[in-house]
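Per-entry structural report
The chain contents come next:
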Amino acid sequence: MSLQHHLQTPISQFQSLQSNHKFITNFTSYSCLKPRWESSISQIQPPKLPAPNTPVWRRATSRRAKNHRNLPSSDQIDVAFRETEIHEYCKVGRPKEAARALQILEESGAVPNVITYTVLIRSYCKDQNVDKALQLFYRMKVDPNVVTYSILLKGLCDSGKLDKALEMFDRMKVAPDVVTYNTLLKGLFNSGKMDKALEVLHQMKVVPNEVTYNTLLKGLRDSGKLDKALEVFNRMEVAPNVVIYNTLLKGLFDAGKLDKALDVLDQMKVAPNEVTYNTLLKGLCYSGKLDKALEVFVRMKVAPNVVTYSTLLKGLCDSGKLDEALEMFDQMKVAPNVVTYNTLMTGLFNSGKLDKAIEMFDQMKVAPNVVTYNTLMMGLCDSGKIEQGRELLDEMKDKGLKPDIVTYTSLVTGHAREGNLDEAIDLLEGFKNLGITPDMIIFNSIMSGLCKTRQTDRAIDFLGYMVSKGWKPDEESYGILIKGIATEGLAKDARMLLKKLDARGLVRRAWAKRLLQGSP
């Protein structure tokens, strides 16, 4: 086959692509939860053509001049080349270079097609530069289509510019399709604009699909309107898919409605997937029904993944069945991830098996994260091994991990518990340089550590330090202090202090009464 034929065929296909609007509208329906156009837009690329003024290009155009007058002109080839260049730059996440290629194309007098503009708008949005996307949208030399609008609306919603998204939606020059509605609904629900989302939903001029219902159910679920979500689920006009079932089941389990969740599960008309089983197992474990969870695990009709194992391991550790957890860990059929290790290490620390937890840390086959170090540091500090905790802090920094407030809380509390109040306060003073703001949890942890080691006098001194730094003690602060005083055999003084706090309105009367009765 001649080179001319190779050149002619892609150009004719490309020109057909420019004029065939049906091609682009095919991307406006969902194949599953993710819109088909969103997963396919990156595939909308003009064919690769030889660059102008290269040997291949010169040979092709020379033959065309001699033998094939109907082949595309060099101008046509250059336009196709530029549009290909734009698509390729966008594909690799380089919108700036794509914009320069577009500028060259426009300055040449050519008019890019709607697909080229849309691809660059999408690239800007993915680059979190929705302002650039808007600028390009408003200077387009061709009319935008529904895909263009849907992509731009998603960019506006993702960047929190809901007002602009609603304004653009109202001014659309083409009819919105179900993808457009789903995009806007998701943005409104994620921003907590429930009433506006329901208003848009009621005004839909197209038939809602599975994604519409899943977006609605998730929004209702996350806003605590689970009864409304169930009502919508029972009146759906399309058959629910597994994603919709998983969304509803998660809401029911999280709300503690175990029986209702199991009823929905029994009525499922589609096969459950890994997410379904993991949601069920988590709900059962959190409800204290570990035996039922293990029974479901054995009867799973899909292969368990690492989330499945991590969920069950947490359930076993929380139930004190550490030996069974370690046995399951050794028999895992998938590679454990950092969450799996963190779960087991927490269980080991809580069971007082510090050495075993450190051994597991040393044998980890994945890179530890901040949670891993925090777990290990908490165990060390709780065991009085403060110096090892400080060494762990240095190791974190050497590995490029940034300690967080949990990291320092463990160290501060550990120092306070060991009676090293000066060191604890020095760490607190250094928080400002680290960009960490201490909270009442840290302060109360320090006071609790002091009182538990019968250092109530130091706890009182620390309370004075808190006040001098502008922190206002809360009821828990006073409760810790009063219990500490009472524990040291000064119950009468504790009651007197509590009454004074009550009289000054620093604590609630009902709370003070419960504390006086010994039931805080």
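Note: the structure precedes this text.
To start, this report covers the structure provided alongside it. (Residues numbered from 1 in each chain as written. Predicted model: local features only at pLDDT ≥ 70, side-chain atom pairs only at ≥ 80, totals over all residues. Heavy atoms only, no water.)

A word on the pattern of salt bridges
Evaluated as defined, the whole model comprises 18 salt bridges. Residues Lys 399 and Glu 395 are paired through a salt bridge, measuring 3.5 Å at the closest nitrogen-oxygen approach. Residues joined in a network through salt bridges with shared partners are Lys 218, Arg 221 and Asp 222. (Salt bridge = Lys/Arg side-chain N within 4 Å of Asp/Glu carboxyl O.)

As for unusual backbone geometry
Despite not being glycine, Gln 128 has its phi angle at roughly 60 degrees, a positive value. Topologically, Gln 128 is positioned in the loop between helix H7 (114–126) and helix H8 (130–138). (Helix = DSSP H or I, 4+ residues; strand = E, 2+ residues; numbered from the N terminus.)

Focus: the packing of helix H23 (residues 370–382) against helix H24 (residues 386–398)
At a minimum axis distance of 8 Å, the contact between H23 and H24 shows a crossing angle of 165 degrees. Taken together, the axes of H23 and H24 lie roughly antiparallel to each other. Where H23 crosses over H24, the two elements pack in a sense that is left-handed. In contact with Val 370, Tyr 373, Leu 376, Met 377, Leu 380 and Cys 381 of H23, H24 contributes Ile 386, Gln 388, Gly 389, Leu 392, Leu 393, Glu 395 and Met 396. For the contact of H23 with H24, the per-class residue count stands at ten nonpolar, two polar and one charged. (Axes fitted to C-alpha atoms, helices over the stretch in contact; angles between N-to-C directions. Parallel < 35°, antiparallel > 145°, perpendicular 65-115°, else oblique. Left-handed = near helix turned anticlockwise from the far one by under 90°. Contact = heavy atoms within 4.5 Å. Nonpolar A, V, L, I, M, F, W, Y, C, P; charged D, E, K, R; others polar.)

Comments concerning the packing of aromatic side chains
Tallied over the full model, the rule gives seven aromatic pairs. When the ring of Phe 169 is compared with that of Tyr 181, the centres are 5.4 Å apart and the planes differ by 70 degrees; the resulting orientation is edge-to-face. With Phe 169 in helix H10 (residues 162–170) and Tyr 181 in helix H11 (residues 178–190), this residue pair connects regions lying twelve residues apart in the sequence. As far as burial versus exposure is concerned, Phe 169 and Tyr 181 are alike and both buried. With centroids separated by 5.6 Å and ring planes inclined at 70 degrees, the aromatic side chains of Phe 329 and Tyr 341 adopt a geometry described as edge-to-face. Residue Phe 329 is located in helix H20 (residues 322–330), and its partner Tyr 341 is located in helix H21 (residues 338–350); the two are separated by twelve residues in the primary sequence. By way of ring pairs, the aromatic residues Phe 137, Tyr 138 and Tyr 149 are connected into one cluster. (Phe/Tyr/Trp six-rings, centres within 6.5 Å; stacked < 30°, edge-to-face > 60°. Buried < 20%, exposed > 50% of the residue type's maximum accessible area, 1.4 Å probe, protein only.)

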